[in-house]
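# Chain and residue survey
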Amino acid sequence: SQTIHQWPATLVQPVGSPLSLECTVEGTSNPNLYWYRQAAGRGLQLLFYSVGIGQISSEVPQNLSASRPQDRQFILSSKKLLLSDSGFYLCARREASTDTQYFGPGTRLTVL
Amino acid sequence: DQQVKQNSPSLSVQEGRISILNCDYTNSMFDYFLWYKKYPAEGPTFLISISSIKDKNEDGRFTVFLNKSAKHLSLHIVPSQPGDSAVYFCAASARGSNYKLTFGKGTLLTVNP
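Presented here is an overview of the structure given in this document. Please read these numbers as outputs of a predicted model, since none were measured by experiment.

The rules behind these values
Residues numbered from 1 in each chain as written. Chains lettered and ligands numbered in written order. Predicted model: local features only at pLDDT ≥ 70, side-chain atom pairs only at ≥ 80, totals over all residues. Heavy atoms only, no water. Helix = DSSP H or I, 4+ residues; strand = E, 2+ residues; numbered from the N terminus. Buried < 20%, exposed > 50% of the residue type's maximum accessible area, 1.4 Å probe, protein only. Contact = heavy atoms within 4.5 Å. Salt bridge = Lys/Arg side-chain N within 4 Å of Asp/Glu carboxyl O. Disulfide = S-S within 2.5 Å. Phe/Tyr/Trp six-rings, centres within 6.5 Å; stacked < 30°, edge-to-face > 60°. Pairing = 2+ DSSP bridges. Buried area = accessible area lost by both parts, 1.4 Å probe. Polar contact = N/O pair within 3.5 Å; in protein donor to acceptor, adjacent residues only side chain to side chain. Nonpolar A, V, L, I, M, F, W, Y, C, P; charged D, E, K, R; others polar.

### Structural notes on the overall build of chain B
- What chain B contains, in helices and strands, is zero helices and 11 strands.
- Overall, chain B shows an N-to-C arrangement of helices and strands of β-β-β-β-β-β-β-β-β-β-β.
- Relative to its 113 residues, chain B shows a buried fraction of 44%.
- For chain B, the share of sequence-separated contacts (at least 6 apart) that also reach a separation of at least 24 residues comes to 54%.

### As for the pattern of salt bridges
- Summed over the entire model, instances satisfying the criterion amount to five salt bridges over all chains.
- Here A:Glu59 and B:Lys100 are joined by a salt bridge, their closest N and O atoms 3.3 Å apart. Taken together, the residues A:Glu59 in the loop between β6 (55-58) and β7 (65-70) and B:Lys100 in the loop between β9 (86-94) and β10 (102-103) connect one chain to another.
- In this structure, B:Arg61 engages B:Asp84 in a salt bridge whose closest nitrogen and oxygen atoms are separated by 2.8 Å. Of this pair, B:Arg61 sits in the loop between β6 (56-59) and β7 (62-67) while B:Asp84 sits in the loop between β8 (72-77) and β9, placing them 23 residues apart in sequence.
- On the accessibility criterion, B:Arg61 (21% relative accessible area) is partly exposed.
- Residue class for B:Asp84 comes out buried when judged on its relative accessible area of 2%.

### Considerations on the state of the cysteines
- Within the structure shown, the criterion is met by two disulfides over all chains.
- The side chain of A:Cys23 participates in a disulfide bridge whose partner is A:Cys91; the two sulfur atoms lie 2.0 Å from each other. Taking the sign of the S-S torsion, -70° for the link of A:Cys23 and A:Cys91, the bridge is left-handed. With A:Cys23 in strand β3 (residues 19-26) and A:Cys91 in strand β9 (residues 87-94), the pair connects residues that are 68 residues apart, well separated along the chain. The exposure classification of A:Cys23 matches that of A:Cys91, with both residues buried.
- In this model B:Cys23 forms its disulfide with B:Cys90; the gap between the sulfur atoms is 2.0 Å. Sign of the S-S torsion, about -70° for the bond between B:Cys23 and B:Cys90, identifies this disulfide as left-handed.

### Some thoughts on the packing of aromatic side chains
- Summed over the entire model, instances satisfying the criterion amount to 13 aromatic pairs over all chains.
- Pairwise contacts between aromatic rings join A:Tyr34, A:Tyr36, A:Tyr49, A:Tyr102, A:Phe103, B:Tyr36, B:Phe46, B:Phe89 and B:Phe103 into one cluster.

### A few points about the sheet that holds β8(B)
Residues and elements named next belong to chain B.
- One open sheet holds the five strands; their spatial order is β1-β3-β8-β7-β6, and the pairing between them is antiparallel. On the outer flanks of this sheet lie β1 (4-5) and β6, each paired with one strand and no other.
- Here strand β3 (residues 19-25) runs beside β8; their pairing, made up of six bridges, is antiparallel. The residue bridging Asp-24 from the neighbouring strand is His-72, located in β8.

### Overview of the interface of chain B and chain A
- In this complex, chain B contributes 19 residues to the contact, which on the side of chain A involves 22 residues.
- Summed over both sides, the interface of chain B with chain A buries roughly 1700 Å², with 58% coming from carbon and sulfur.
- Ranking the residues of chain B by area buried against chain A places B:Asn98, B:Tyr99 and B:Lys100 at the top, with a combined share of 31%.
- Our count for the chain B to chain A interface comes out at one salt bridge.
- At the junction of chain B with chain A, the criterion picks out six residue pairs in polar contact (both at pLDDT 80 or more).
- Elements with a contribution of two residues or more to the side of chain B that touches chain A: β4 (30-38), β5 (45-51) and β9 of chain B.
- By residue number, the principal contributor to the side of chain B that touches chain A is β4(B), which donates four residues.
- Looking at the side of chain B that touches chain A residue by residue, the classes come out as 10 nonpolar, five polar and four charged.

Structure follows, in structure tokens:
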């Protein structure tokens, strides 16, 4: 079976501090991977997606960046967090045979 | 520009009755539609999907209907159960878009015992 892990589950960070969120996928090779954010009372917004190692596409200009150092690893980063970066961050993978995306458990980020 | 809209932020139904959740879209390039269920502090769970070549797809208690001319889809849950209480998101993707999903803002469904 295919599983998505996200680390950490929750995080409280001060404004101006760096960020690194990790997503790892098991049970599949060369998956399409996606980072979404759900802000309070909002829908899910696509931030980045990757079709392979080192290949990152950004959807929304912002204070964040993404990297894919390994086939099954997708990292979301920031050098200096803003209050507006608070939210629920979700990693997803695309099922190879369909357009369906499956999500990880998410990381709750609070920037104070 | 919100390309996927869920105009009802909330819906309340009685246990055993039908729940109907609605979704409208504006992008005529969308050709694959999905419904997700989400509990607080958890990732969304995939429920059911439909391709634009179909107008109906059924899976157990869940049925999704697609009306391409109206750019409208709906999710029917019959019979509704208290465990169905959650936020439901409609999502859509377009062929050739690297399978990126565009989500609506969600509808909070409450099923009362």
